[in-house]
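One-letter residues, chain by chain:
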Protein chains: 2
Amino acid sequence: MKHYTRKEIDALDRRFRANLVNCLGGYKPANLIGTVSGAGAANLAIFNSVVHIGANPPLVGFILRPPTADVPRHTYENIKETGVYTINHVHESFVERAHYTSAKFEKGVSEFEKCGLTEEYAQNFAAPFVNESAIKIGLRFVEEIEIKLNNTILVIGEIEHLILPENALLENGNVDLNAVSSVAVAGLDTYHRVEKIAAFPYAKAADLPDFER
Amino acid sequence: MKHYTRKEIDALDRRFRANLVNCLGGYKPANLIGTVSGAGAANLAIFNSVVHIGANPPLVGFILRPPTADVPRHTYENIKETGVYTINHVHESFVERAHYTSAKFEKGVSEFEKCGLTEEYAQNFAAPFVNESAIKIGLRFVEEIEIKLNNTILVIGEIEHLILPENALLENGNVDLNAVSSVAVAGLDTYHRVEKIAAFPYAKAADLPDFER
């Protein structure tokens, strides 16, 4: 086993460390966030930091990196301008197209067009969904929380629209993500197919299997 | 396709809605968080809300549900008492044991013992690692951010220790999570095996494949 202390992590090459630390939490979801500017230009960007905040009210968060010269924050600017955005699952069929939405395009250039993905709109909702995505959420921005430690922002939205295939919705409310080939990400660049191995009941101490040795 | 509006989501059965909304972000990492109380009692709990915050400094976050009569927050109390905790990947070999750490045990009862997992300690670090886990992180608590919308808390820690197998660490700093059989979670109860399908270079607009139609 390799054991890194904090001092050793801090001494690593910057790019090596970025890859390493990005992998440490485990598998992450791959999502495309769709927005539109006040002037009407659609934008699309891949994020692997979407996190469940709560079901009632239905709240979803994502972490936004600090803005730099290399990484403008069109997604953030658009959300602040229009108040709405979409989260769309990335599936195996368009994982490369989704990845390349992370390239630095000029503001106003549509990643939809450049990456060959298709805008789709719901009634009375300004932000573009991704037509190729099977699971699409339309959100209204409710809060941004600054993480001062490293100038990242936790953006939280309330779900206003949810669009998904009937046959992926199970009786208990779970969604069969395997059925729609949603992918998982490790680190910054590695995409994965996912296959169910087990589902367990709500865990109760009284029904504990005999795990003791 | 099924299209739910917010009004329809709010009208769903509580448990159905909890399952549904928990699935919407996509695949999540499965991690065990190890803590110890000020009195020395070890605690272990599964979390699927670990999120990458930043690499420099190396920061990892997780979302903590509000405390209820059903779900005490031993993890939170212990972190506040001792200032340290561990994040340990869940692998296929012990996914059921990991799931059952979510059962409601009395404070002071060790989930390590009840679920047949093994405490492991690093020098000068109070919180227990999970011996069965291949990827183990020791963290020092740095900040808690209250999400007032629904009384959840984003807990952020700095990495002080990182323990992983040499052969899972790739040349560029990426970690081969397939090699150690880390699992992903969908919703609250469904665990998945994960298999790499693609890795792509850092995306540059100048190197964009011809996606346009």
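Figured I'd write up the structure that's included with this text.

The rules we used
- Residues numbered from 1 in each chain as written.
- Chains lettered and ligands numbered in written order.
- Predicted model: local features only at pLDDT ≥ 70, side-chain atom pairs only at ≥ 80, totals over all residues.
- Heavy atoms only, no water.
- 1 Å grid on protein atoms, 1.4 Å probe; cavity = no way out; pocket = protein on both sides within 12 Å on 5 of 7 lines; lining within 4 Å.
- Points joined across faces, edges and corners; volume = space filled by probe spheres on them.
- Helix = DSSP H or I, 4+ residues; strand = E, 2+ residues; numbered from the N terminus.
- Nonpolar A, V, L, I, M, F, W, Y, C, P; charged D, E, K, R; others polar.
- Least-squares fit on C-alpha atoms with pLDDT ≥ 70 in both.
- Contact = heavy atoms within 4.5 Å.
- Phe/Tyr/Trp six-rings, centres within 6.5 Å; stacked < 30°, edge-to-face > 60°.
- Lys NZ or Arg CZ within 6 Å of the ring centre and 35° of its normal.
- Buried < 20%, exposed > 50% of the residue type's maximum accessible area, 1.4 Å probe, protein only.
- Polar contact = N/O pair within 3.5 Å; in protein donor to acceptor, adjacent residues only side chain to side chain.
- Salt bridge = Lys/Arg side-chain N within 4 Å of Asp/Glu carboxyl O.
- Pairing = 2+ DSSP bridges.

**Quick word on empty space enclosed by the protein**
Part 1: Applying the stated rule across the entire model yields three cavities of 30 Å³ or more.
Part 2: Here the largest cavity defines a volume of roughly 70 Å³.
Part 3: Lining of the largest cavity is provided by Pro29(A), Val50(A), Val51(A), His52(A), Val60(A), Val21(B), Asn22(B), Leu24(B), Gly25(B), Gly26(B), Tyr27(B) and Lys28(B).
Part 4: Those elements giving two or more residues to the lining of the largest cavity turn out to be β5 (50-55) of chain A together with α2 (14-24) of chain B.
Part 5: Of the residues assigned to the lining of the largest cavity, the class counts are seven nonpolar, four polar and one charged.
Part 6: Space inside the second largest cavity adds up to approximately 50 Å³.
Part 7: Looking at the second largest cavity, the residues that line it are Ser37(B), Ala41(B), Ala42(B), Asn43(B), His74(B), Asn78(B), Lys107(B), Gly108(B) and Val109(B).
Part 8: Mapped onto the lining of the second largest cavity, the elements with two or more residues apiece are β4 (42-47) and α3 (74-82) of chain B.
Part 9: Considered class by class, the residues forming the lining of the second largest cavity number three nonpolar, five polar and one charged.

**Here we look at the relation of the copies chain A and chain B**
Part 1: Of the transformation superimposing chain A on chain B, the axial component is 0.0 Å and the angular component is 180°, with the fit at an RMSD of 0.0 Å. On the angle and the small slide along the axis, the relation comes out as a two-fold axis. Considering only C-alpha atoms, the part of chain A nearest the rotation axis is Val194(A), at 2.3 Å.
Part 2: Both copies contact each other with a shared surface, as 100% of the interface residues of chain A are interface residues in chain B too.

**Quick word on the packing of aromatic side chains**
Part 1: This model, assessed by the stated rule, comprises 10 aromatic pairs over all chains.
Part 2: When the ring of Phe200(A) is compared with that of Tyr191(B), the centres are 5.7 Å apart and the planes differ by 50°; the resulting orientation is tilted. Placement of the pair is Phe200(A) in the segment after β13 (190-199) and Tyr191(B) in strand β13 (residues 190-199), with the two residues belonging to separate chains.
Part 3: Positioned over the ring face of Tyr4(A) is Lys2(A), at 5.1 Å from the centre of the ring.
Part 4: When the ring centre of Tyr76(B) is taken as reference, the NZ or CZ atom of Arg73(B) above it lies at 4.7 Å.

**Digging into the side chain of Asn78(B)**
Residues and elements named next belong to chain B.
Part 1: Looking at the element boundaries, Asn78 is found in helix α3.
Part 2: With relative accessibility at 1%, the residue Asn78 sits in the buried group.
Part 3: Polar side-chain contacts of Asn78 include one of 2.9 Å to the side chain of Thr35.
Part 4: Not counting the four nearest positions on each side in its chain, Asn78 is found in contact with Thr35, Val36, Ser37, Ala41, Asn43, Gly83 and Lys107.

**Details of the pattern of salt bridges**
Part 1: Evaluation of the coordinates by the stated rule reveals 14 salt bridges over all chains.
Part 2: One salt bridge connects Arg6(B) with Glu158(A), and the closest N-O pair in it is separated by 3.2 Å. Of this pair, Arg6(B) sits in helix α1 (residues 6-10) while Glu158(A) sits in strand β11 (residues 152-164), on two different chains.
Part 3: Its relative accessible area of 22% is what places Glu158(A) among the partly exposed residues.
Part 4: We note a salt bridge from Glu160(B) to Arg140(B), for which the minimum N-O separation is 2.9 Å. In this pair, Glu160(B) sits in strand β11 (residues 152-164) while Arg140(B) sits in strand β10 (residues 136-147), placing the two residues 20 residues apart along the sequence.
Part 5: Taking the relative accessible area as the measure of exposure, Arg140(B) reaches 35% and is therefore partly exposed.

**Some details on the sheet that holds β13(B)**
Part 1: A sheet is described by the order of its strands in space; here six strands give the open sequence β2(A)-β12(A)-β13(A)-β13(B)-β12(B)-β2(B), paired in antiparallel fashion. The open sheet is flanked by β2 (28-29) of chain A together with β2 (28-29) of chain B, the only strands paired with a single partner.
Part 2: Pairing of strand β12 (residues 184-186) of chain B with β13(B), which is carried by three bridges, proceeds in the antiparallel orientation. Bridge pairing in β13(B) links Ala184(B) to His192(B).

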